[in-house]
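# Coordinates in review
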Amino acid sequence: MGNSESLHTDEELAHLALTHTWSFAILIDRYETKLRRYLDRLGRMPVEDVEDLLQQVFMKAYQNLNEFDPSLKFSSWIYRIAHNEAVSFFRRNDVRPEGHRVELSDQLLETMASELNVLKSAESEDARRLLAEKIGQLDNIYREVIILKFFEDKSYDEISNILMIPSGTVAIRLKRAKDKLETLMKSEGYIHES
Amino acid sequence: MSHNQDQQPISEKVLERIEAEKAVPTPRFYFRARNLAMWSLAAAALIFGALACSTIIFRLHNLGRIFPPRASQLEDFYDFLTAAPLLWFATFIIFGYLAYREVRQTKRGYKYELSTLLLTMVVASGVLGAIFYNLGSGYLIDRLAADHLPFQRGVEMLQRERWFNPEHGFLMGEVAEKREKDFLLSDPRGNVWFVTYATTTAAGEKELVVVARRVGLLGRILNEQTRTFEVEQIRPIEVRGQGLFPHRMMMKGIF
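Residues numbered from 1 in each chain as written. Chains lettered and ligands numbered in written order. Predicted model: local features only at pLDDT ≥ 70, side-chain atom pairs only at ≥ 80, totals over all residues. Heavy atoms only, no water.

All names here are of chain B. Mapped onto the elements, Leu222 comes out in strand 4 (residues 214-223). As for Leu222 and Phe194, which are separated by 28 residues in sequence, their C-alpha atoms are 9.9 Å apart. Those residues in contact with Leu222 that sit more than four places away from it in its chain are Thr196, Thr228, Phe229 and Glu230. (Helix = DSSP H or I, 4+ residues; strand = E, 2+ residues; numbered from the N terminus. Contact = heavy atoms within 4.5 Å.)

Residue and element names in this part refer to chain B. Close contact between helix 3 (residues 28-66) and helix 8 (residues 155-163) brings their axes to 10 Å; oriented N to C, the two are set at 10°. Judged by the angle between their axes, helix 3 and helix 8 are roughly parallel. The segment helix 3 lies against helix 8, with Phe58, Arg59, Asn62, Arg65 and Ile66 engaging Val155, Leu158, Gln159, Arg162 and Trp163. Of the residues assigned to the contact of helix 3 with helix 8, the class counts are five nonpolar, two polar and three charged. (Axes fitted to C-alpha atoms, helices over the stretch in contact; angles between N-to-C directions. Parallel < 35°, antiparallel > 145°, perpendicular 65-115°, else oblique. Nonpolar A, V, L, I, M, F, W, Y, C, P; charged D, E, K, R; others polar.)

All names here are of chain A. One pass over the full model with this rule turns up four cavities of 30 Å³ or more. Around the largest cavity sit Leu42, His83, Val87, Phe90, Pro97, Asn140, Arg143 and Glu144, which together line it. Listed by contribution, the elements that provide at least two residues to the lining of the largest cavity are helix 4 (74-92) and helix 7 (140-151). When grouped by side-chain class, the residues that make up the lining of the largest cavity number four nonpolar, two polar and two charged. (1 Å grid on protein atoms, 1.4 Å probe; cavity = no way out; pocket = protein on both sides within 12 Å on 5 of 7 lines; lining within 4 Å. Points joined across faces, edges and corners; volume = space filled by probe spheres on them.)

How two aromatic rings sit relative to each other is given by the distance of their centres and the angle of their planes. Counting across every chain of the model gives 14 aromatic pairs over all chains. Centre to centre, the rings of Tyr38(A) and Tyr79(A) are 4.9 Å apart; their planes meet at 50°, and the pair counts as tilted. Residue Tyr38(A) is found in helix 2 (residues 21-42), and its partner Tyr79(A) is found in helix 4; the two are separated by 41 residues along the sequence. Accessibility assignment for this pair places Tyr38(A) and Tyr79(A) in one class, buried. A centroid spacing of 6.5 Å and a plane angle of 35° characterise the contact between Tyr97(B) and Tyr100(B), whose relative ring orientation is tilted. Of the two residues, Tyr97(B) and Tyr100(B) are both situated in helix 5 (residues 86-105); the distance of three residues between them amounts to about one turn of the helix. Among the aromatic residues, ring-to-ring pairing joins Tyr31(A), Phe68(A), Phe74(A) and Trp77(A) into one connected group. Over the face of the ring belonging to Tyr31(A) we find Lys34(A), whose NZ or CZ atom lies 4.8 Å from the ring centre. Over the aromatic face of Tyr197(B) sits the side chain of Lys206(B), whose NZ or CZ is 4.8 Å from the ring centroid. (Phe/Tyr/Trp six-rings, centres within 6.5 Å; stacked < 30°, edge-to-face > 60°. Buried < 20%, exposed > 50% of the residue type's maximum accessible area, 1.4 Å probe, protein only. Lys NZ or Arg CZ within 6 Å of the ring centre and 35° of its normal.)

This is the structure we're talking about:
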């Protein structure tokens with residue numbers, strides 16, 4: 001079995017995985033942590049369910065390797081599978097992902113505060129708690145673009161490929177999500193930077 | 001699950017599962033065939049939408065030829081509602097939606113913006129619909145729908161209902177013979193009328209009287225026994241857009 005330090009790109013490994021399962025194992029090693037964190041951010045799930053879901057994502061990816069379009073990034077494709085599996089899970093278990101609080105690091109808080117154009121007039125910890133809470137209050141279609149853009153650091157094109165929506169729709173949803181967050185933050189006393 | 005198993009890397013677990021379930025990647029041709037099927041369904045839906053569009057064009061293009069002039073705008077509006085291609089608008093929208101849905105499900109279909117897709121489909125349906133209309137599909141579908149669908153009346157049926165009412169001064173038919181001061185007209189029942197011009201008949205309208213042409217006449221019966229009709233106004237009511245389907249072949253049920 002290989003390891004995630006392989007010199008091959010993800011796309012090359014995906015091609016190799018059609019005939020050599022070890023290369024698929026490398027892909028799993030590369031994406032396990034990222035996808036686990038992504039699934040965890042999408043909604044509240046017991047650890048065992050995340051584990052099962054993760055396995056399911058990789059099984060689906062393996063069985064559908066021939067569907068992978070090499071003109072896309074492999075990461076977008078596997079994130080798409082993870083997203084779809086998570087949505088199915090929430091639907092199956094009648095769970096509403098809204099209300100789920102995501103964890104914000106200091107760096108992320110700074111990026112988002114700058115993007116949202118809000119002044120950090122309170123302690124960082126307070127702002128972090130509040131922003132995380134407000135993200136949790138967003139509708140799912142806005143939460144998922146915020147998560148992909150700021151937490152997973154995906155480009156508009158990647159988000160479009162993951163959520164299977166046009167890039168223009170990604171831009172609109174992101175703009176609306178930011179507007180909503182800005183309004184929510186302002187209502188809590190985080191004033192606009194002039 | 002044992003502690004040892006909990007510590008097992010997920011890659012190992014997945015590979016074990018692949019082996020245990022004898023899982024293999026689905027063949028590439030399956031995805032290609034599925035994608036092709038989606039595009040084919042989208043194309044089929046687009047063609048059906050274009051056929052509906054050709055019938056819409058047919059109805060709208062013939063709207064002015066279905067009804068004789070009426071006394072009030074309200075009556076004109078009622079006539080418009082009677083002849084408006086509502087069924088075909090609904091059909092067009094349904095097939096347009098099906099085409100949109102299929103395109104969205106193709107491999108890269110999600111990339112297209114809604115506005116781009118809608119505009120492309122409307123333009124493609126319009127262009128194809130215009131081609132189909134010129135070939136006569138609108139006429140054919142209108143006739144077939146009138147023959148087989150309940151509550152659906154075709155352009156020619158409506159035309160006959162309103163224009164063929166000699167007692168109220170409306171007469172329609174095909175010119176059987178043209179003479180210097182009068183002409184013979186064959187009505188939808190096959191009866192021949194002797195038609196004379198009133199002094200008020202415009203010279204330009206008289207030129208519409210051509211053998212084998214369908215015309216609508218406004219005037220009055222002079223003698224019912226001899227089927228003599230005095231015409232004041234003449235209207236061209238040839239159905240447009242018959243394309244490849246000459247009306248004599250299609251008109252058996254009406255003429």
